[in-house]
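This is what each chain is made of:
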Amino acid sequence: MDVFADYLKGIDNPDHRARMEEIFAWIVGKFPNLKPKIAWNQPMFTDHDTFIIGFSASKQHMAVAPEKAGIVRFSEDIVQAGYDHTKELVRIRWDGPVDYSLLEKMIEYNIEDKADCSTFWRK
């Protein structure tokens, strides 16, 4: 995952960096068809040049962005997992657990829902 190396080096807290590396490695292992890339200074994964899921790091949390449609579709699951969310992203606190089954559902949903999408973002 050399594509994320510079981004990860920019995360000062080694525990936060390790957690993001773990999640990225999990995605690559679970979804080898997805392409990792950096766009808008954020790590993300794409499928046939369309956005599937993106990430960013802040002091208090990691933000996961499955697009607005993913937030709407999984809003109850996001709350049930104990995460805070906005219209565009889910906040996973650094000191809390990562719900991999929820990440998997969001990624699978976007892959399926955007299978025929010819644009980077949903219209």
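Nothing here was measured: the structure is a model prediction, and the numbers come from that model.

### Some details on the overall build of the protein
Here comes step 1: Tallying secondary structure elements over the protein gives 4 helices and 6 strands in all.
Here comes step 2: The linear arrangement of helices and strands in the protein, starting from the amino end, is α-α-β-β-β-β-α-β-β-α.
Here comes step 3: In summary, the protein has a C-alpha radius of gyration of 14 Å against a globular reference of 14 Å for 123 residues, a match within 12%.
Here comes step 4: Principal-axis analysis of the C-alpha atoms places the extent of the protein at approximately 40 × 35 × 25 Å.
Here comes step 5: Within the span of the protein, comprising 123 residues, buried residues form 40% of the whole.

### What to know about the packing of aromatic side chains
Here comes step 1: In this structure the tally under the stated criterion is 13 aromatic pairs.
Here comes step 2: Ring plane angle 80° and centroid distance 5.5 Å describe the contact between Phe4 and Phe45, whose orientation is recorded as edge-to-face. Pair noted here: Phe4 is in the segment before helix H1 (5–9) and Phe45 is in strand E2 (residues 42–47), with a separation of 41 residues, a long-range link.
Here comes step 3: Taking 5.3 Å as the distance between ring centres and 70° as the angle between the ring planes, the aromatic pair formed by Phe24 and Phe55 counts as edge-to-face. Residue Phe24 is found in helix H2 (residues 14–30), and its partner Phe55 is found in strand E3 (residues 50–57); the two are separated by 31 residues along the sequence. The two residues Phe24 and Phe55 agree in class, both being buried.

### Section: helix H4 (residues 100–113)
Here comes step 1: End to end, H4 covers 20 Å across 14 residues, agreeing with the expected 20 Å (1.5 Å per residue, within 8%).
Here comes step 2: Every buried residue of H4 is accounted for by Leu102, Leu103, Met106, Ile107, Asn110 and Ile111.
Here comes step 3: In this fold, the buried residues of H4 make contact with H2, E2, E3, strand E4 (61–65) and helix H3 (67–80).

### A closer look at the UniProt feature "domain: YdhG-like" (unreviewed entry) in the protein
Here comes step 1: The UniProt feature table records "domain: YdhG-like" (unreviewed entry) at residues 16–111.
Here comes step 2: Across residues 16–111 one finds 43% helix and 31% strand; the C-alpha atoms that close the span lie 27 Å apart.

### Some thoughts on unusual backbone geometry
Phi is mostly negative for residues that are not glycine, and the peptide bonds are mostly trans.
Here comes step 1: With phi around 45°, His48 is a residue other than glycine that occupies positive phi space.
Here comes step 2: Relative to the assigned elements, His48 resides in the loop between E2 and E3.
Here comes step 3: If you check the backbone angles, Glu67 has positive phi at about 75° while not being a glycine.
Here comes step 4: The topology assignment puts Glu67 in helix H3.
Here comes step 5: Taking relative accessible area as the criterion, Glu67 reaches 8% and is therefore assigned buried.

### Remarks on the packing of H2 against H4
Here comes step 1: Across the interface, H2 lies against H4 with an axial gap of 12 Å and an inter-helix angle of 50°. Between H2 and H4, the angle falls in the class oblique. Considering only the axes of H2 and H4, their crossing is right-handed. Here H2 contributes Glu22, Ile23, Trp26, Ile27 and Lys30 to the contact with H4, which in turn contributes Tyr100, Leu103, Glu104 and Ile107.
Here comes step 2: Residues of the contact of H2 with H4, tallied by class, amount to 6 nonpolar, no polar and 3 charged.

The rules behind these values
- Residues numbered from 1 in each chain as written.
- Predicted model: local features only at pLDDT ≥ 70, side-chain atom pairs only at ≥ 80, totals over all residues.
- Heavy atoms only, no water.
- Helix = DSSP H or I, 4+ residues; strand = E, 2+ residues; numbered from the N terminus.
- Rg over C-alpha atoms; globule rule 2.2 N^0.38 Å.
- Buried < 20%, exposed > 50% of the residue type's maximum accessible area, 1.4 Å probe, protein only.
- Phe/Tyr/Trp six-rings, centres within 6.5 Å; stacked < 30°, edge-to-face > 60°.
- Expected span 1.5 Å × (residues − 1).
- Contact = heavy atoms within 4.5 Å.
- UniProt positions renumbered as here; feature names shortened; annotations may be inferred.
- Axes fitted to C-alpha atoms, helices over the stretch in contact; angles between N-to-C directions.
- Parallel < 35°, antiparallel > 145°, perpendicular 65-115°, else oblique.
- Left-handed = near helix turned anticlockwise from the far one by under 90°.
- Nonpolar A, V, L, I, M, F, W, Y, C, P; charged D, E, K, R; others polar.

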